[in-house]
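# Summary of the model geometry
Listed below, chain by chain, are the residues.
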Amino acid sequence: MPAPVGNYAHITKIPRNVELYVTSGQVGIDGNGQFPQSLNDQVQNTFTNIMAVLVSEELLAENIIKVNIWATEEIDWNFFDEQWEQLFHKDYPSMTVGYVDKLGLPEIKVEIEIWAAKV
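Residues numbered from 1 in each chain as written. Predicted model: local features only at pLDDT ≥ 70, side-chain atom pairs only at ≥ 80, totals over all residues. Heavy atoms only, no water.

### Section: a nonpolar patch on the surface
- A cluster of nonpolar side chains, contributed by Ile 14, Leu 20 and Val 22, occupies part of the molecular surface with about 260 Å² of accessible area.
- Relative to the helices and strands, Val 22 is located in strand E1 (residues 19–22). (Patch = residues over 30% accessible without salt bridge, like charges linked within 9 Å, V, L, I, M, F, W, Y side chains within 5 Å. Areas by Shrake-Rupley, 256 points an atom, 1.4 Å probe, with all protein chains shown as cover. Salt bridge = Lys/Arg side-chain N within 4 Å of Asp/Glu carboxyl O. Helix = DSSP H or I, 4+ residues; strand = E, 2+ residues; numbered from the N terminus.)

### Brief notes about helix H1 (residues 39–56)
- With 18 residues, H1 extends 25 Å between its outermost C-alpha atoms, agreeing within 8% with the 26 Å of an ideal straight helix rising 1.5 Å per residue.
- Along H1, the positions that sit buried rather than exposed are Leu 39, Gln 42, Val 43, Asn 45, Thr 46, Phe 47, Asn 49, Ile 50 and Leu 54.
- Here the buried face of H1 lies against strand E2 (26–27), strand E3 (64–71), helix H2 (77–88) and strand E5 (110–118).
- Once H1 finishes, Glu 58 follows within two positions and takes phi at roughly 55 degrees, a positive value. (Expected span 1.5 Å × (residues − 1). Buried < 20%, exposed > 50% of the residue type's maximum accessible area, 1.4 Å probe, protein only. Contact = heavy atoms within 4.5 Å.)

### Concerning the confidence of the model for the chain
- Scored by pLDDT, the chain comes out at a mean of 93, with 100% of its residues at no less than 70.
- Here H2 stands out as the element of the chain with the lowest mean pLDDT, 91, in contrast to E2, whose mean of 97 is the highest. (pLDDT = per-residue confidence, 0-100.)

### Overview of the pairing of strand E4 (residues 94–99)
- Here E3 pairs with E4 via six bridges, running parallel. Across the sheet, the residue bridging to Val 67 is Met 95, located in E4.
- The handedness of the E3 to E4 crossover, carried by H2, is right-handed. (Pairing = 2+ DSSP bridges. Right-handed = clockwise from strand over helix to strand, strands pointing away.)

Listed below in structure tokens is the structure:
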């Protein structure tokens, strides 16, 4: 199989007898309930929101097994990968990326869903 074309794994094994956590898609809303205009600012907020969800369930990045990403405009992969590296430190989960015309609200430019597993 060819190497992944980005910072992700082709497959992630889920150990038996674990709890499975599936988040709703996290979006780039800030702490004041506002959506920045720039995709990169929304990406940064989205990763902040993902970390908050993980902390709320005492999960760590290594618990993440799958990431689904949807964006309404082309992702700046250099910026995105900086945020990604801060979370995963090279231990990547499986990942899917899709570009769509619209997300749940007109101001949302990116949405990221996380699947995690913990013993």
